[in-house]
Amino acid sequence: MMKMRMFSGLLKKDDEEEPEVEIKEITEIPDDFDMKSEVLEEGQCYRITLNIIRATEIAAMDSNGLSDPFVEVVLHKDLVLKTKVINKTVNPVWNETFTLYIDDRSILAHIHIYDHDLVGSNDRIGYVDLDLASVPPFHKYLTTVDLKSQVDGKEFVGKL
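Residues numbered from 1 in each chain as written. Predicted model: local features only at pLDDT ≥ 70, side-chain atom pairs only at ≥ 80, totals over all residues. Heavy atoms only, no water.

Draft legend 1. Layout of the pattern of salt bridges. Inspection of every chain in the model, using the stated rule, returns 2 salt bridges. Between glutamate 72 and lysine 82 there is a salt bridge whose closest N-O contact spans 3.7 Å. Within this pair, whereas glutamate 72 is found in strand S4 (residues 69–76), its partner lysine 82 is found in strand S5 (residues 79–82), the two being separated by 10 residues in sequence. Ionic pairing is found between aspartate 146 and lysine 159, a salt bridge with its closest N-O pair at 3.9 Å. Here aspartate 146 is found in the loop between strand S9 (141–143) and strand S10 (148–149), whereas its partner lysine 159 is found in the segment after S10, with 13 residues between them in sequence. (Salt bridge = Lys/Arg side-chain N within 4 Å of Asp/Glu carboxyl O. Helix = DSSP H or I, 4+ residues; strand = E, 2+ residues; numbered from the N terminus.)

Here is the structure:
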């Protein structure tokens, strides 16, 4: 059974012009690592810092030609991270950073963009799956990806 814990979420400002998802660092934690007297897991643990910077050209889901997007990162059914909602835009900038500890890098980070709706359920815009095992420990990984569409009749729904 995989155990994961999120310990902090911080805001990060970024002046980069390209849309990107950034994994800042994956750090192998020693076996005897202790945080506030709680040992996470025997064996290897990894600290991952995930920065959700921005998206561009996302699909307009509202009648005003815009969306109210937010990002949801699902690492495990018990670990879901969400950004704030950015109202009335198709080029949202979140600049949000999440730091978490995991014991298994072989998992996928399922990253979804939704349009927030006050009434009814949120509209799915697009998603991307990020393989954490493909990022070597102690390295920074920057990427811009085309979102896979979750909108009927649209192939391109934006970049993250």
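Draft legend 2. Looking closely at unusual backbone geometry. Backbone geometry at glutamate 57 places phi at a positive 55 degrees, although glycine is not the residue there. Inspection of the secondary structure puts glutamate 57 in the loop between strand S3 (45–54) and S4. Backbone geometry places lysine 88, a non-glycine residue, at a positive phi of 50 degrees. With respect to the helices and strands, the residue lysine 88 is situated in the loop between S5 and strand S6 (93–102).

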